[in-house]
Amino acid sequence: MDVLWMIPLLLIPLLMWTSSTFVFYFKKCFYVAWMMCLALITIPLCILKSGGRDVENMRIIRFMVRHVKYFLGLRFEVSGWEHLQTEGPYVIISNHQSSLDVLGLMEILPDRCTMIAKKELVYAGTVGLICWLGGIVFINRKKTSDAKSVMAGAAKTMLDDQIRLWVFPEGTRNQKGDLLPFKKGAFHLAVQAQVPIIPVVFSSYSNFYLRKEKQFKSGTIRLKILPKIETKGMTTDDVSSLSDKSFNVMRSAFLRISDSVTQSNGPLRH
């Protein structure tokens with residue numbers, strides 16, 4: 001019987017060595033399971049520190065999550081740190097490729113910063129609870145009226161509590177090698193609050209992570225923080241041009257840094 005128990009233990013390293021599909025599912029399952037375990041540990045720490053829901057809990061969450069990249073064989077190269085040295089509230093916008101974005105987000109997350117996320121996330125077990133404790137603002141993407149009222153409330157909270165908000169303006173995950181058109185919510189938020197926008201760009205994951213092809217290797221992600229875009233004096237009429245400007249500068253940076261990563265590491269082979 002003891003020998004039978006050892007067979008799976010011997011099979012795992014063999015499959016990790018020979019099957020890229022097994023590696024993909026193993027890493028994905030490990031990532032989800034480990035994040036849920038970390039959330040379970042972090043929940044009481046947040047309650048003890050802040051007594052409940054508070055953006056200051058993001059400091060603890062950031063500390064607890066930042067080591068996960070090493071288990072997945074990922075490395076981050078960050079440039080433009082100086083652009084985050086901005087006082088007061090602001091809106092961070094970034095492209096959105098997969099749940100791995102959370103690791104990059106935690107790599108550079110400034111103090112007193114939380115996120116806007118889809119409402120469904122709150123039901124994701126311990127991860128949902130820790131998101132709620134971290135002050136994450138949940139929106140119902142299916143109801144535009146609800147999303148607008150949440151954004152209006154978020155703008156007031158930003159100014160009253162002096163917090164920063166991180167938004168994914170594409171609205172959904174996208175791994176097509178380009179950016180999806182931006183939804184306007186983040187830009188209405190910034191204009192309502194009259195706070196700057198700081199664009200953040202993740203390089204393409206295609207050199208190490210391809211979801212459809214079931215590929216998940218080790219790799220490098222370049223994170224570029226771009227100069228802030230001011231919104232002072234802007235009105236609702238300026239939202240479309242603000243969105244277009246942000247999209248253009250982010251898309252240009254995305255294509256540039258993604259090309260540089262691919263040239264350094266080479267494309268992922270199937």
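This section reports on the structure supplied with the text. Keep in mind it's a predicted model, so treat the numbers as computed, not measured.

1. Regarding the nonpolar core
Phase 1 of the analysis: Within the largest apolar cluster, 78 residues are counted, with the highest numbers of intra-cluster contacts made by Val91, Leu100, Leu103, Trp166 and Leu189.
Phase 2 of the analysis: Setting aside its immediate chain neighbours within four residues, Trp166 contacts Ile92, Ser94, Leu105, Ile108, Leu109, Cys113, Thr114, Met115, Ile116, Val200 and Phe202.

2. What to know about the side chain of Arg164
Phase 1 of the analysis: For Arg164, the location among the structural elements is in strand S5 (residues 164-167).
Phase 2 of the analysis: It turns out Arg164 is buried and unbridged, and the closest side chain with the opposite charge, Glu87, is 5.4 Å from it.
Phase 3 of the analysis: Polar contacts involving the side chain of Arg164 include one to the main-chain carbonyl oxygen of Asp111, which spans 3.0 Å.
Phase 4 of the analysis: Filtering out sequence-adjacent residues up to four positions away, Arg164 remains in contact with Thr86, Glu87, Gly88, Pro89, Tyr90, Pro110, Asp111, Arg112, Cys113, Thr114 and Met158.

3. Here we look at the packing of aromatic side chains
Phase 1 of the analysis: All told, the structure shown has 10 aromatic pairs when counted by the stated rule.
Phase 2 of the analysis: Ring centres of Phe30 and Phe71 lie 5.6 Å apart, and the angle between their planes is 85°; on these two criteria the pair is classed as edge-to-face. Of this pair, Phe30 sits in helix H2 (residues 20-50) while Phe71 is found in helix H4 (residues 68-71), placing the two residues 41 residues apart along the sequence.
Phase 3 of the analysis: Here the aromatic rings of Tyr209 and Phe216 are separated by 5.1 Å at their centres, their planes lie at 80°, and the arrangement is edge-to-face. The pair formed by Tyr209 and Phe216 is uniform in burial state, with each residue classed as buried.
Phase 4 of the analysis: Lying over the aromatic face of Phe216, Lys27 brings its terminal NZ or CZ to 4.8 Å of the ring centre.

4. Brief notes about the sheet that holds strand S3 (residues 113-118)
Phase 1 of the analysis: A sheet is described by the order of its strands in space; here 7 strands give the open sequence S1-S9-S6-S2-S5-S3-S4, paired in mixed fashion. Among the strands making up the open sheet, the edge pair consists of strand S1 (74-79) and strand S4 (137-139). Adjacent strand axes in the sheet meet at a mean angle of 25° when their direction is disregarded.
Phase 2 of the analysis: Pairing between strand S2 (residues 91-94) and strand S6 (residues 197-202): 4 bridges, direction parallel. By the bridge assignment, Ser94 is partnered in S6 with Val200.
Phase 3 of the analysis: Of the strands in this sheet, S2, S3, S5 and S6 touch helix H8 (residues 185-193), which is tilted by about 160° from S2.

5. Examining the environment of Arg251
Phase 1 of the analysis: You can see Arg251 is positioned in helix H9 (residues 239-265).
Phase 2 of the analysis: Arg251 sits in the partly exposed class, given a relative accessible area of 32%.
Phase 3 of the analysis: Along the primary structure Arg251 and Asp178 are separated by 73 residues, whereas in three dimensions their C-alpha atoms are 7.2 Å apart.
Phase 4 of the analysis: Excluding anything up to four places from it in sequence, Arg251 contacts Asp178 and Leu179.

6. A look at H2
Phase 1 of the analysis: The first and last C-alpha atoms of H2 sit 43 Å apart over 31 residues, in line with the 45 Å expected at 1.5 Å per residue.
Phase 2 of the analysis: At Thr42, H2 shows its strongest bend, of approximately 30°, with the proline Pro44 following within four residues.
Phase 3 of the analysis: For H2, every residue scored as buried is listed here: Val23, Phe24, Lys27, Tyr31, Met35, Leu38, Ala39, Thr42, Ile43 and Cys46.

7. Remarks on the environment of Gly73
Phase 1 of the analysis: In this fold, Gly73 is placed in the loop between H4 and S1.
Phase 2 of the analysis: Along the backbone, Gly73 and Phe208 are 135 residues apart, and their C-alpha atoms lie at a distance of 9.9 Å.
Phase 3 of the analysis: Ignoring anything within four residues of it in the chain, the contact list for Gly73 reads Ser218 and Gly219.

8. Here's the deal with unusual backbone geometry
Phase 1 of the analysis: If you check the backbone angles, Arg112 has positive phi at about 55° while not being a glycine.
Phase 2 of the analysis: As for its position among the elements, Arg112 is in the loop between helix H5 (101-108) and S3.
Phase 3 of the analysis: Using a relative accessible area of 28% as the deciding quantity, one classes Arg112 as partly exposed.
Phase 4 of the analysis: With a phi angle near 55°, Gln162 is a residue other than glycine that sits in the positive phi range.
Phase 5 of the analysis: With respect to the secondary-structure elements, Gln162 resides in the loop between helix H7 (144-161) and S5.
Phase 6 of the analysis: For Gln162, a relative accessible area of 39% corresponds to the partly exposed category.

Rules and cut-offs
- Residues numbered from 1 in each chain as written.
- Predicted model: local features only at pLDDT ≥ 70, side-chain atom pairs only at ≥ 80, totals over all residues.
- Heavy atoms only, no water.
- Core = buried A, V, L, I, M, F, W, Y, C linked by side-chain atoms within 4.5 Å.
- Buried < 20%, exposed > 50% of the residue type's maximum accessible area, 1.4 Å probe, protein only.
- Contact = heavy atoms within 4.5 Å.
- Helix = DSSP H or I, 4+ residues; strand = E, 2+ residues; numbered from the N terminus.
- Lys, Arg positive; Asp, Glu negative; His and termini not counted.
- Salt bridge = Lys/Arg side-chain N within 4 Å of Asp/Glu carboxyl O.
- Polar contact = N/O pair within 3.5 Å; in protein donor to acceptor, adjacent residues only side chain to side chain.
- Phe/Tyr/Trp six-rings, centres within 6.5 Å; stacked < 30°, edge-to-face > 60°.
- Lys NZ or Arg CZ within 6 Å of the ring centre and 35° of its normal.
- Pairing = 2+ DSSP bridges.
- Axes fitted to C-alpha atoms, helices over the stretch in contact; angles between N-to-C directions.
- Expected span 1.5 Å × (residues − 1).
- Bend = angle between axes of the 7 residues up to and from the residue.

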